[in-house]
Amino acid sequence: MAQLFFHYGAMNSGKSIEILKVAHNYEEQNKKVVLMTSGIDTRTAVGEISSRIGLRRDALPIFDDTNILDVIKNVDEKTACVLIDEAQFLKKHHILELAKVVDDLGIPVMTFGLKNDFKNDLFEGSKYLLLYADKIVEMKTICWFCKHKALMNLRFHNGKPVYDGEQVQIGGNESYYPVCRRHYFHPLIEEMRN
């Protein structure tokens, strides 16, 4: 039975490499996957899933007005699985469309993304995935400053933590650290400058 999955984790928890691995495993068995990612993630290119270890794949970009259900219905070949990266940036209607892909088309959907932003508020896509997903999987990584599990994403600028600003600022290691709760509130400033 098809299900909607939400794999979430802090920055650097391996979400993008995991989605690429899942795609490879399906394709190695000659099963078609549809790779999608948020159209606002422009770190490498619009419509590209890119891991920090250098693996990259083209993907269909999702914009605010994209109807994911219609996109999947119009794919020529039989789709075995839909894989979506940067799912935190999706809108509520996207999540409801993904639920219809699962429930009406019988195609499993695996989404990957952040749960919370740098202010520890839920992203819209993450909020609705937490509400509608059949399975929720935490992907773990360690705090930038210690050995504890990272729960949060600390935004920084010029070696100083940032706790206010726009929710979305596209970036990677140059802008964010995965951190535990303690180091979110008390980051090691000297280590941030190095």
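None of the values given here were measured: they were computed from a predicted structure.

Draft legend 1. Examining the overall build of the chain more closely. The secondary structure content of the chain amounts to six helices and 11 strands. The C-alpha atoms of the chain give 17 Å as radius of gyration, which agrees with the globular expectation for 194 residues (16 Å, within 12%). Based on the C-alpha atoms only, the size of the chain along its principal axes is roughly 55 × 30 × 25 Å. For the chain, buried positions account for 48% of its 194 residues. Within the chain, contacts between residues at least 6 apart in sequence are counted, and of these 74% link residues at least 24 apart. Surface accessibility of the chain: about 10100 Å² in total, with carbon and sulfur atoms responsible for 49%. Side-chain charges of the chain comprise 25 positive and 26 negative groups, with the mean position of each set lying 7 Å from the other.

Draft legend 2. Examining unusual backbone geometry more closely. Even without glycine at this site, N12 takes up a positive phi of about 70°. With respect to the helices and strands, N12 occurs in the loop between β1 (4-8) and α1 (15-28).

Draft legend 3. Representation of the packing of aromatic side chains in the model. The final tally for this structure, using the stated rule, is eight aromatic pairs. Aromatic side chains F6 and Y8 sit 5.8 Å apart centroid to centroid with 35° between the ring planes, which places their arrangement in the tilted category. Aromatic side chains F145 and Y177 sit 5.6 Å apart centroid to centroid with 80° between the ring planes, which places their arrangement in the edge-to-face category. Linking F145 in the loop between β8 (135-138) and β9 (152-157) with Y177 in strand β11 (residues 176-179), this pair joins segments that are 32 residues apart in sequence. Y177 carries the same exposure label as F145, and that label is buried. The rings of W144, F145, F156 and Y177 are connected pair by pair, giving a single aromatic cluster. Above the face of the F118 ring, R155 is positioned so that its terminal group lies 3.6 Å from the ring centre.

Draft legend 4. Highlighting the pattern of salt bridges. In total, this model carries four salt bridges according to the counting rule given. Notably, a salt bridge pairs E18 with K21, separated by 3.3 Å at the nearest N-O pair. In this pair, E18 and K21 are both assigned in helix α1, three residues apart and thus about one turn of the helix distant. Accessibility expressed as a relative area gives 23% for E18, which makes it partly exposed. Exposure remark for K21: the relative accessible area of 44% places this residue in the partly exposed category. In this structure, K149 and E138 form a salt bridge, with 3.1 Å as the shortest nitrogen-oxygen distance. Of the two residues, K149 is situated in the loop between β8 and β9 and E138 in strand β8; the sequence distance between them amounts to 11 residues. Overall, K149 belongs to the partly exposed group, its relative accessible area being 35%.

Draft legend 5. Here's a closer look at α1. If you check α1, its first and last C-alpha atoms are 20 Å apart, about what 14 residues at 1.5 Å a residue would give, namely 20 Å. Along α1, the residues classified as buried are K15, S16, I19, L20, V22 and A23. Looking straight down α1, one finds its buried side chains confined to an arc of 160°; they lie on one side. On its buried side, α1 packs onto β1, β2 (32-38), β3 (48-50), β4 (56-58), β6 (79-85) and β7 (109-113). Looking one or two places after α1, you find N30, whose phi comes out positive at around 60°.

About the criteria used
Residues numbered from 1 in each chain as written. Predicted model: local features only at pLDDT ≥ 70, side-chain atom pairs only at ≥ 80, totals over all residues. Heavy atoms only, no water. Helix = DSSP H or I, 4+ residues; strand = E, 2+ residues; numbered from the N terminus. Rg over C-alpha atoms; globule rule 2.2 N^0.38 Å. Buried < 20%, exposed > 50% of the residue type's maximum accessible area, 1.4 Å probe, protein only. Contact = heavy atoms within 4.5 Å. Areas by Shrake-Rupley, 256 points an atom, 1.4 Å probe, with all protein chains shown as cover. Lys, Arg positive; Asp, Glu negative; His and termini not counted. Charge placed at Lys NZ, Arg CZ, Asp CG, Glu CD. Phe/Tyr/Trp six-rings, centres within 6.5 Å; stacked < 30°, edge-to-face > 60°. Lys NZ or Arg CZ within 6 Å of the ring centre and 35° of its normal. Salt bridge = Lys/Arg side-chain N within 4 Å of Asp/Glu carboxyl O. Expected span 1.5 Å × (residues − 1). Arc of directions from axis to C-beta.

Such coordinate-based values are descriptive only and should not be taken to indicate function.
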